[in-house]
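Structural features, examined
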Amino acid sequence: MAAISAPLPETKSAREQSLFLFFWLRFIKHRMALIGGTVTLLIVLLVVLAPLVSPHDPMTQDLLHRFQPPSAAHWMGTDDLGRDMFARVLYGGRISLSVGLFAMTIAILLGSTIGLVAGYYGGWVDSLLMRMTETFMSIPRLFVLIAMGMFLRTLDLPFLQAGSFLPISIVIGALSWMGTARLVRASTLELREREFVLATRALGGSDARILFRRIFPNIASPIIVSATLGLAGAIISESGLSYLGFGVQLPTPTWGNMLSNTQSQMTTAPWTAVFPGLMIFIIVIAINYLGDGLRDALDPRHAMKK
Amino acid sequence: MCPFLPQGGGGTRILHVKYFQRRVFAIRPQERLPPANPLMLIYFTRRILQSVFTLLVISMILYGLISSVPGGFMSAYTERADFTPEDLARIRAKFGLDDPIPVRYAKWLVSMLQGDMGSSFTTKRPVMEEIADRLPNTLLLMGLMMVCTLLVAIPLGILSAVKQYTWFDHIATTAAFAGQSLPVFWFGLLLIIVFAVTLKGGDGRPLLPGSGMYTLGEPFSLWDRIRHLILPVSMLTFVSAAEYMRYLRSSMLDVIHEDYVRTARAKGLRENLVIYKHALRNAIIPLVTLIALDLPALFGGALFTETIFAWPGIGRLYFTAALKTDYPLVMAILMIESALIIGSSLLVDFLYATLDPRIRLS
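Numbering of residues starts from 1 in every chain and runs along the sequence as written. Starting at A for chains and at 1 for ligands, labels are handed out in the order in which the entities are written. Owing to the predicted nature of the model, reporting of local features is limited to residues with pLDDT of at least 70; listing and counting of side-chain atom pairs is limited to 80 or more, with chain, interface and lining totals taken over all residues. Only hydrogens and water are set aside; all other atoms, that is, all heavy atoms of the structure, feed into the side-chain values.

Re the packing of helix α7 (residues 127-162) of chain B against helix α8 (residues 167-181) of chain B
Residues and elements named next belong to chain B. Using the following cut-off: Axes here mean lines fitted to C-alpha atoms, for a helix over just the part in contact, with angles spanning 0 to 180 degrees between N-to-C directions. Helix and strand assignments follow DSSP, with helices taken as H or I runs no shorter than four residues and strands as E runs no shorter than two, numbered in order from the N terminus. The labels follow the angle: roughly parallel below 35 degrees, roughly antiparallel above 145, roughly perpendicular from 65 to 115, and oblique for the rest. Less than a right angle of anticlockwise turn of the near helix away from the far helix marks a crossing as left-handed, whereas a clockwise turn marks it as right-handed. Contacts were defined at the residue level, with two residues in contact if any of their heavy atoms lie within 4.5 Å.
With their axes 8 Å apart at the nearest point, α7 and α8 run at an angle of 135 degrees to one another. Comparing the axis directions of α7 and α8 gives the class oblique. Considering the relative orientation of α7 and α8, their crossing is left-handed. Counted together, Leu 156, Leu 159 and Ser 160 of α7 and Phe 168, Asp 169, Ala 172 and Thr 173 of α8 form the full contact between these two elements.

Here you go:
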C-alpha cells in the first residue's frame, strides 16, 4: 500500500519508472523467484571471485592426498589426482556458466532474428524460414549434439586453445533457437497489424525503424523469459555432453566433465560424484524459478492461470 | 446472414439471437467436422509430402556432417605403424571412402531406400541386425517407463489442480519443478550411490543392482530382471512424470474454470463426475499430444540412463558407435529417430484434428 500512496518521481522518465516498479512489485511477490535470483547471483559471484574464495589451485595435483573426504582443509574433499574439489567446482563453474551464457546468447540472437524476419515479411520468406525451423526441430537433438561433439573432438583449429568452450557453445546454441523463433514469429505476426505499427508505416517509417523501435520493445519480455529458461537448458546440455566426454575436454574442469569418471570411484569416494552435480542442480533450479517469476511478472495473462 | 432465420427489425431481433444460440448448441462436434472432410484430406496430403521433403533435407545435412568428420573412422588405421600407404588406400577403397561426398550420399540414399542400411564398420554385422538386437531392451525399459509415468503423473496432476494451493499442491509442484531441473545423469549417479553402494540387502550384497540387465552367471529369472529395472525406470519416471504432471495440472486448471464445468456443478452433478467426466476429458487432450511427441523416445531410448546403468539399448549402441566413428550405424540410428520424430508430429496434428473439434484447418 505504501508504494501506491508514495508520490511519483517528477522526472521525465516517470512513466517508465512506474512501469518498472509495476513489474518489480509483481516480481517480488513471487517468493521462489526472488530466492532463485539471489542464489543465482550468489553462485555467479562465488565463481567470478574464485581466486579470492578458494585457497587452493584447481590444477595442482597432490598424489599423496588423493580421495580425501570433505574436511576443513578441503571443503569438498579431493579427487583422484589429489586436486581440491572445491577449487575445481568454482573454476569449473566459470566454464559451465560461460558455455550456458554464450550458447543462450547465440540461440536468442538466431531465434529472434529468424522469428522477426519471418513474421514481419511473411510470404515465401516466412515459409522458407519456418520450414527450416521445422527441419531443425525434427532433428534428434541429443544424438546430433553427440555427433557434433565427435566432429569437434577431431577438429584441430589453430586459433582455438585445447579445452576451449567456444565450439561446444556454438553447437548448443545452433541447436536451441527454434522455440524462440516460433515464439517471436507469432508475436510479430500479431503486432504487425496493430495500429501503432500501421501508423509508423503510414508516416513513412522504414522497415528497420518499425522492427527495432516498434515491434522489438513489445516482444522483449517473452524474449527475456525464454533467454532465462534457455540459459538453464544450455547449462544442462553442456554438463550432459561433457559428462559423456563430447564437450569441454579434461583437464579443464566443468561441472559436467568432473562427473565423467566418478562412476568407477563411487565405492571409495562418493563425494566426487555429489558436489559438481549438486552445483548444476542448484543453479538450474534457481534460474528456472527466476524465469518462472519473470514470466509471471512480465506476462499477466500467464500469471492469471496459476 | 443465414437465409432461414427470420428477418426483420426491432422485436424479432431477440428471437433471432436466441434461435442462433440454440442452433449452435444443437450442432454436435461430429457434424462440424465429418471424417471425410475434403479440406482435411488435402491438409494431410500436403503435410505428408512436406514431411517426406523435411526428412530428405535432414538426411542430407546429417550425412554431410557425419562424413566430413576429419580423420574419423580412418584414424583407427592411420595411427598404426604396420599399415603401409597401400594398405590404407585399399581400406579406403573397400569402405568406399574415396568418392566425393555427394556421390557417397546418393549411393547411401539409394541403398537406404531399398531397405539396406549397410554394415557396421566395427563389428562388420549388418546395421539392421545390430539395431534389432538392442531394440527389445530399449522398448522394455522405455515402455515400462511410459506406463509408470502415466500412473504417477495423471493422478498427481489431477489432484494438484483440484486441490490448488493446498500443501499437497505445493509439495507436488515443487517436486515436479525439481524433477525438471535435475541433470538426469547426476540423479542416476546418486541413485547408484544410495541403492547400489551404500544400502545393503539382507545377504550383505547391495540392495539393488546398479548396472546391466541380469546378474552374470545366474539363469534368467523374472525377479532378477525386475530388480535390474527398478533403478533405471524410477530415474526416468521421476524426470518425465515431472513434466507430464505440470502439463496436466495447468491444462486442468484452464478447464476447471470454464463455464461448462460450472454448469455441470450447477446442475448438481457429483464432484467426481464433474472432474473425471467433464473436465478431465478436455484437459487430457494436450497430454495426449505430449505423449505422442514422446513416442520417438521409445526407440531412441534414454542415452544417459542406458550409459549409466550399462543397459544394452539403442541409446548406448549410438553412444559407442559415435565414440568409434562408426558412420553406417550412427547414420542409421539418426535417420530412424528423425523419421520417428517427423512421424510423431504428423500424428499429433492428426490427433488434434480428430480429438479437438474446435480446430480449424487453413
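That shown, we press on.
Notes on the packing of helix α12 (residues 271-298) of chain A against helix α9 (residues 184-198) of chain B
Quick reminder of the rule: Put simply, Ala, Val, Leu, Ile, Met, Phe, Trp, Tyr, Cys and Pro go in the nonpolar bin, Asp, Glu, Lys and Arg in the charged bin, and everything else, Gly too, in the polar bin.
Axis separation between α12(A) and α9(B) bottoms out at 10 Å; the angle between their running directions is 140 degrees. Put simply, α12(A) runs oblique to α9(B). Crossing hand, α12(A) versus α9(B): left-handed. Across the interface between the two elements, Ala273(A), Val274(A), Gly277(A), Leu278(A), Ile280(A) and Phe281(A) from α12(A) touch Phe185(B), Trp186(B), Leu189(B), Leu190(B) and Ile193(B) from α9(B). Residues of the contact of α12(A) with α9(B), tallied by class, amount to ten nonpolar, one polar and no charged.

Structural notes on the interface of chain B and chain A
Here is the rule we go by: Simply put, the buried area is the total loss of 1.4 Å probe accessible area from both parts when two parts are fitted together. Put simply, a salt bridge is a Lys or Arg side-chain nitrogen that is within 4 Å of an Asp or Glu carboxyl oxygen. Here a polar contact is recorded for every N or O atom pair within 3.5 Å, except that within protein the pair must consist of a potential hydrogen donor and a potential acceptor, and residues adjacent in sequence are included only if both atoms are side-chain atoms.
Between chain B and chain A, the contact holds 45 residues from the first and 43 residues from the second. Regarding the contact of chain B and chain A, the summed buried area is about 4000 Å², with carbon and sulfur atoms giving 78% of it. When the buried area of chain B at its contact with chain A is split by residue, Phe177(B), Phe185(B) and Trp186(B) rank highest and sum to 15% of it. Put simply, chain B and chain A have zero salt bridges between them. On inspection of chain B and its partner chain A, the count reaches four residue pairs in polar contact (both at pLDDT 80 or more). Where the side of chain B that touches chain A is concerned, the elements lending two or more residues are α3 (38-67), α8, α9, α10 (222-256), α14 (303-308), α15 (314-323) and α16 (327-355) of chain B.

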